[in-house]
Amino acid sequence: MSVPTAALESSICAPLPVLGQNVTVPLVTGGEVVYAALDYAASAPALQRVWDDVAAYAPYYGSVHRGAGYLSQLSTDLFENSRRTVAEFLGCRADDQVVFTRSTTDSLNLLAAAIPADCQVFVYETEHHASLLPWRDAQVTYLNAPRTPAQAVESLERALADRDPYGPALVCVTGASNVTGELWPVKELAAAAHAHGARIVLDAAQLAPHHPVDIAELDVDWVAFSGHKLYAPFGSGVLAGRADWLQAAEPYLAGGGASRKVARRADGGVDVDWHTTAARHEAGSPNVIGVYSIASACKALTEAGFEGLVAREQELVGRVREGLAEVPEVRVLSLFGDDAPRVGVISFVVRGWNSSHFAAALSAEYGIGVRDGLFCAHPLVRTLLGSDPQDPGECGAPEAEPGERSLNAIRVSFGAGTPDEHIDRFLRAVSELVREGARWNYRTEDGRCVPDRGAAARI
């Protein structure tokens, strides 16, 4: 997959209005500054359009699929219309199902529970834990980190050709890395999987907010993503794709909504007739506001013009990479090399700095929010850092003191709502911190590097 040339030639969109764009935060050195949210890969700020749509609907929401009253009927229509909006956004095929879940993690665990009992799963060690870990009841082959897109396809083809016995198989792959932002060759991997009788699920958590995703065009079997990375609030996600394995599986959750008919048997037991639609895996009262917010975000991105959004983001990616390249102490992490297409997710380390210390200084002294750690992709970050797989390290900051070497990195991420000023401030801050050092003293507290409030400024 690559960034379309047409996108780069199209008119560049202005940043989309998002919540929190005028929030100010205190600086440890005194005063306040508008917060620069550069942690989109963890959770993107909700679009103002999404929040406005949800606020307009909120007084009218009622129980979905449960009531005869006007508000219940209105909410049911809105819920099912949201399903159609998401299907359209993803380019779903006519017989695909859209199942609403809590998150990408929930979506992939749902699929893991639905795969055939003898299914073999193939997953790269480069995956986020949400797509690396759910396959606990399957025979799993973990593929080594490829160093080129072609190598990714070749290693998958070899693994699939060598599998024994030759039965059902599933490939799980990310669309865009949550560590490097690099785009994976999804269409080529799908072709390789299908050529060897396997299916493929696309973890689009980092791809869908930054780049159009079309199930039919990519020829993937399923797509999973989260609302909170797609400029919607927390608590909702999507699994979209082929219906057969989902229809054949036991419901992910047993309860009301998943069951079509329940009756007592003569022997005192209970017979259940489960739905064969998406409702089969949506037991319980659904998160109608979360679902509507995803649909609203899909509409907002489509109406804004995804080509223009991609073009502006690529401009920001170029500026960040060029700015970091001017600081010799900074090393940007990459699997596929400098020329690989990528979205607005960039991880790096700074020579002579504990990454947690650097991230803390960006926040406390410049009002910039980034992420440090292993980004719930431990094997990948260890590979990129060239460390031993058994080296210590965990999500969040390690216990290393400021200045000590740490097995983690810094991640800056941005998207449709990022103003130019946030990027400019970030690059200026990186340069100043490397050149002049932090202006405050820091210490480790509960595993996090934080400003030492009892100390005076260093400068």
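Relevant structure appears above.
Residues numbered from 1 in each chain as written. Predicted model: local features only at pLDDT ≥ 70, side-chain atom pairs only at ≥ 80, totals over all residues. Heavy atoms only, no water.

Here the focus is the packing of helix α11 (residues 306–325) against helix α14 (residues 420–436). Contact geometry for α11 and α14: axes closest at 10 Å, N-to-C directions at 10 degrees. Overall, the two elements α11 and α14 adopt an arrangement that is roughly parallel. Between α11 and α14 the crossing geometry is right-handed. Of α14, the residues touching α11 (which contributes R312, L316, R319, V320, G323 and L324) are D420, I423, D424, F426, L427 and V430. Split by residue class, the contact of α11 with α14 holds seven nonpolar, one polar and four charged. (Axes fitted to C-alpha atoms, helices over the stretch in contact; angles between N-to-C directions. Helix = DSSP H or I, 4+ residues; strand = E, 2+ residues; numbered from the N terminus. Parallel < 35°, antiparallel > 145°, perpendicular 65-115°, else oblique. Left-handed = near helix turned anticlockwise from the far one by under 90°. Contact = heavy atoms within 4.5 Å. Nonpolar A, V, L, I, M, F, W, Y, C, P; charged D, E, K, R; others polar.)

Another point: the nonpolar core. Core analysis: the biggest nonpolar cluster contains 83 residues, and L90 and F225 have the highest contact counts within it. If you tally residues by element for this core, the top one is helix α10 (residues 288–304), at eight residues. Not counting the four nearest positions on each side in its chain, L90 is found in contact with V213, D214, I215, V223, F225, V238 and A240. Ranked by size, the runner-up nonpolar core spans 35 residues in total, among them L38, L324, W353 and W440. (Core = buried A, V, L, I, M, F, W, Y, C linked by side-chain atoms within 4.5 Å. Buried < 20%, exposed > 50% of the residue type's maximum accessible area, 1.4 Å probe, protein only.)

Let's shift gears to the packing of helix α6 (residues 149–161) against helix α7 (residues 186–195). The N-to-C vectors of α6 and α7 enclose an angle of 15 degrees; their axes lie 10 Å apart at closest approach. The orientation of α6 with respect to α7, classified from their angle, is roughly parallel. Between α6 and α7 lies a crossing of right-handed hand. On α7, the residues touching A152, V153, L156, E157 and L160 of α6 are E188, L189, A192 and A193. In terms of residue class, the contact of α6 with α7 is made up of seven nonpolar, no polar and two charged.

Summed over the entire model, instances satisfying the criterion amount to 11 aromatic pairs. Taken together, the ring pairs in this structure connect F348, W353, F358 and F426 into an aromatic cluster. The ring of Y166 has R163 lying over it, and the distance from NZ or CZ to the ring centre is 4.0 Å. Between the NZ or CZ atom of R439 and the centre of the ring of Y366, over which it lies, the distance is 5.1 Å. (Phe/Tyr/Trp six-rings, centres within 6.5 Å; stacked < 30°, edge-to-face > 60°. Lys NZ or Arg CZ within 6 Å of the ring centre and 35° of its normal.)

A word on the side chain of T104. For T104, the position within the fold is in helix α4 (residues 104–114). Owing to a relative accessible area of 4%, T104 belongs among the buried residues under this scheme.

Here we take up the side chain of T76. Counting through the fold element by element, T76 comes out in helix α3 (residues 70–89). Setting aside its immediate chain neighbours within four residues, T76 contacts S63, V64 and H65.

Under the defined criterion, the tally for this structure stands at 26 salt bridges. Here R312 and D420 are joined by a salt bridge, their closest N and O atoms 2.8 Å apart. Residue R312 is found in helix α11, and its partner D420 is found in helix α14; the two are separated by 108 residues along the sequence. Classification of R312 as buried rests on a relative accessible area of 7%. (Salt bridge = Lys/Arg side-chain N within 4 Å of Asp/Glu carboxyl O.)

Geometric descriptors of this kind do not, in isolation, establish any biological role.
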